[in-house]
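# Structural features, examined
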Amino acid sequence: MTAVQFDAKDAAPTGGRVLRHTLTRGAGIGLGVVVLWFSVLVLLPLAAVVAVAVNGGWDGFVDTLSNPQTASAIELTVFTSLAVAVLNVLIGTLIAWVLVRERFPGSRLLEVVIDVPFALPTIVAGLVLLALYGPASPIGVNVANTRTAVFLAFAFVTLPFVVRSVQPVLEQLERDAEQAAHSLGASAATTFRRIVLPALIPAIAAGGALSFARGVSEYGSLVLLSGNLAMRTEVTSVRMLTYVENGNLASASVVATVLLAVALVVLVAIDLLQRWLVRRG
Amino acid sequence: MADTPTAGPTLTQGSRSVGSGAGRVTRQAIVILYLSALVVIPVALVFWNAFKDGLAPVVAALTDPVVVHALQLTLIAALWSVVLNAVFGVAVSLLLVRYEFPGKRMLNAFIDLPLSVSPVVVGLSLVIVYNVRDGILGQPLAELGIRVLFSTPGIVLATTFISMPLVVREVVPVLQEQGTDQEQAASSLGASGWVTFWRITMPGIRWGVVYGVVLCFARSIGEFGAVKIVSGNITGRTQTATLAVEQLYQNFNQAQAFTIAAVLAGAAIVIISVVAVLRVRVERNES
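Please read all numbers here as calculations on a predicted model, not as lab measurements. (Residues numbered from 1 in each chain as written. Chains lettered and ligands numbered in written order. Predicted model: local features only at pLDDT ≥ 70, side-chain atom pairs only at ≥ 80, totals over all residues.)

To continue, consider the overall build of chain A. Check the secondary structure of chain A and you find 10 helices and zero strands. Along chain A, helices (α) and strands (β) appear in the sequence α-α-α-α-α-α-α-α-α-α when read from the amino end. When its C-alpha atoms are laid out on the principal axes, chain A stretches across 65 × 65 × 35 Å. In chain A, buried positions account for 47% of the 281 residues. Once local pairs closer than 6 in sequence are excluded, the contacts in chain A between residues at least 24 apart make up 80%. (Helix = DSSP H or I, 4+ residues; strand = E, 2+ residues; numbered from the N terminus. Buried ≥ 20, exposed ≤ 12 C-beta atoms within 10 Å, placed from the backbone. Contact = placed C-beta atoms within 7 Å.)

Now for the overall build of chain B. A count of helices and strands for chain B gives 14 helices and zero strands. Put simply, chain B runs from its N terminus to its C terminus through helices and strands in the order α-α-α-α-α-α-α-α-α-α-α-α-α-α. Taken over C-alpha atoms, the radius of gyration comes to 24 Å for chain B, far larger than the 19 Å a tight globule of 287 residues would show. Based on the C-alpha atoms only, the size of chain B along its principal axes is roughly 75 × 65 × 30 Å. Of all 287 residues assigned to chain B, the portion counted as buried reaches 43%. Intrachain contacts of chain B at a sequence separation of at least 6 include 71% that bridge at least 24 residues. (Rg over C-alpha atoms; globule rule 2.2 N^0.38 Å.)

Attention shifts here to the nonpolar core. If you look at the biggest cluster of nonpolar residues, it comprises 163 residues, and the most contacted ones within it are Leu127 of chain A together with Val46, Leu124, Val245 and Ala261 of chain B. When we break this core down by domain, the ones giving at least three residues each are domain 1 (24–55) and domain 2 (57–280) of chain A. Residue contacts for valine 245 of chain B: discarding those within four places in its chain leaves Ile123, Val124 and Leu127 of chain A together with Ala257, Ile260 and Ala261 of chain B. (Core = buried A, V, L, I, M, F, W, Y, C linked by C-beta atoms within 7 Å. Domains from an automatic or database assignment.)

This part is about helix 9 (residues 165–178) of chain B. All names here are of chain B. The first and last C-alpha atoms of helix 9 sit 20 Å apart over 14 residues, in line with the 20 Å expected at 1.5 Å per residue. Within helix 9, the full set of buried residues consists of Pro165, Leu166, Val167, Val168, Arg169, Glu170, Val171, Val172 and Leu175. In the core, the buried residues of helix 9 are packed alongside helix 3 (65–98), helix 4 (104–111), helix 5 (113–116) and helix 11 (193–222). Positive phi appears at glycine 179, one or two residues downstream of helix 9, with a value of about 70 degrees. (Expected span 1.5 Å × (residues − 1).)

Here chain B shows a mean pLDDT of 87. Residues at 70 or above account for 93%. The ipTM value of the predicted complex is 0.88, and its pTM value is 0.88. (pLDDT = per-residue confidence, 0-100.)

Further remarks concern the packing of helix 1 (residues 21–51) of chain B against helix 14 (residues 254–286) of chain B. Residues and elements named next belong to chain B. Two elements in contact, helix 1 and helix 14, have axes separated by 8 Å at closest approach and are oriented at 130 degrees. Taken together, the axis directions place helix 1 and helix 14 in an arrangement best described as oblique. Where helix 1 crosses over helix 14, the two elements pack in a sense that is left-handed. Contact residues: helix 1 offers Val43, Val46, Phe47, Asn49 and Ala50, while helix 14 offers Phe258, Thr259, Ala261, Ala262 and Ala265. Classifying every residue of the contact of helix 1 with helix 14 gives eight nonpolar, two polar and no charged. (Axes fitted to C-alpha atoms, helices over the stretch in contact; angles between N-to-C directions. Parallel < 35°, antiparallel > 145°, perpendicular 65-115°, else oblique. Left-handed = near helix turned anticlockwise from the far one by under 90°. Nonpolar A, V, L, I, M, F, W, Y, C, P; charged D, E, K, R; others polar.)

Take the confidence of the model for chain A next. Residue and element names in this part refer to chain A. Chain-level pLDDT for chain A is 89 on average; 93% of the residues reach the 70-or-more range. When the elements of chain A are averaged for pLDDT, helix 7 (residues 176–183) gives the smallest value, 88, and helix 3 (residues 68–101) the largest, 96. The model gives residues 1–17 a pLDDT under 50, and that stretch makes 33 contacts with residues more than four places away or in other chains.

Here we take up the environment of threonine 180 of chain B. Relative to the helices and strands, threonine 180 of chain B is located in the loop between helix 9 and helix 10 (181–188). Between the C-alpha atoms of threonine 180 of chain B and leucine 75 of chain B, which are 105 residues apart in sequence, the distance is 37 Å.

Listed by partner, the interface residues are 86 residues for chain A and 88 residues for chain B. Ranked by residue count, the leading element in the side of chain A that touches chain B is helix 1 (residues 25–55) of chain A, at 15 residues. For the side of chain A that touches chain B, a count of residues per class yields 59 nonpolar, 18 polar and nine charged.

Another point: helix 8 (residues 152–162) of chain B. When you tally the buried positions in helix 8 of chain B, you get nine out of 11 residues, the bulk of the element. Those residues of helix 8 of chain B lying buried are Gly154, Ile155, Val156, Leu157, Ala158, Thr159, Thr160, Phe161 and Ile162 of chain B. Buried positions along helix 8 of chain B lie against helix 1 of chain A together with helix 3, helix 5, helix 6 (119–130), helix 11 and helix 12 (225–231) of chain B.

Moving on, we come to the domain arrangement of chain A. Residues and elements named next belong to chain A. Split into domains, chain A comes out as domain 1 (24–55) and domain 2 (57–280). The centre of domain 1, based on its C-alpha atoms, is set 29 Å off from the matching centre of domain 2. Contacts between the two partners involve five residues from domain 1 and, on the opposite side, seven residues from domain 2. Looking at the side of domain 1 that touches domain 2 residue by residue, the classes come out as five nonpolar, no polar and no charged.

Below you can see the structure in the form of structure tokens.
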């Protein structure tokens, strides 16, 4: 659902940097309405967050981010998101491989299973994990209120990213080069490493980056699962919400700006990656 | 789906090929185990928890007035979000695919932003702009007697914000594939822009719109973080279904929490299954 779609929109012919337009009168009015609506709903509010954060000056940033509880929350979020992104790169690529190249009876069902974490409300995702890994666990595994719970929640909500970005690339990959490598005596592992993997790297990287960004911004699945213990299991978004609830919108905005910056950096990085790929052909 | 390398007649020497024998079974087993432990068993357990004592407790949980109100509010917010985003989505897609204008690249890049921003940041941003005390838009709206935060309009705005790009993402690729030949033919035969849109463009992109709307609906009924901040979470007034799940669980009313969670999860799974089936069917018809 949220996975990258390579070249989907960028394939549209663009006017480049030349300031010309092909708008009819009706389309021009439509553009005005659309931009106004998008600004009032999305751009203005997001800009306001940054404005409030910047208003507190450099000291405001330093004060908020050097608060031990906030720093600890950011550290936990970033490291756990990175670890989960690495896990997704490995297991996500494997899942995509099995779904495309090694299908078995019932693998169609797995396609739906992959999308479940995208479709499930995040609060329900937390409850779902609590059912098996919480205090009432039928298998006696209880990770609620630990850092393992944070890892588990991130792994759940980010499951589809790498799978969904690698799968279409793998489906379109020509088999010629692989077959040539086989017939020249290359082992299966060598063929995968030298022929298949290089073609998948950009999609894997994009999926990993999206997984990281989603982990950093995650909130709903953690509320019931991680216990939100200060300095232990509290993540950045929960910390930001505490600032809001205490009426400290300035500090909340500083933390929100950091979250926004992470999201923007990932979006720009993926955009640059796609551009580079298109140029390379 | 394509055959595995070992199956092709031209590949008789490819028996050592990637995807054969024990390695293949091991990989399939890892995938099945991982997905079972992370998704299938936990989700199944939620349904089990909700339905293990029969249907009576389920009916009781769902007819609780507080829950009924929460479900109604969720539905209202989701319907608004779907309508607003369908209109916005089709308009933006047409502009991005069919027209050239300065700033197009920027609009194209910004459209995806709502999916990448943390829901709590979305909530905070709406609070800053729409609060009654010093919000740029909240103050003038309050003077007109419109209250956004802690009421339904705020919940609608937050829900619409977070699901905004879903229709655009589905419609743009379809619009690109459709091309402009038929539209040009229609207008050269004298059809107005409006007639061309409804008779030619819209039928061509209808499946894209349907997928987008369905995904937007699924995302909307599940929104939690952004709604939690803008709604104030007032039980029986501004509490949506997802907020009710949280509160019930925290108030040790876990059976009821699991029941509503199961209803929401069931709705989500039905929705993605329907989209998956539709996609396969439409693709088969086209090819």
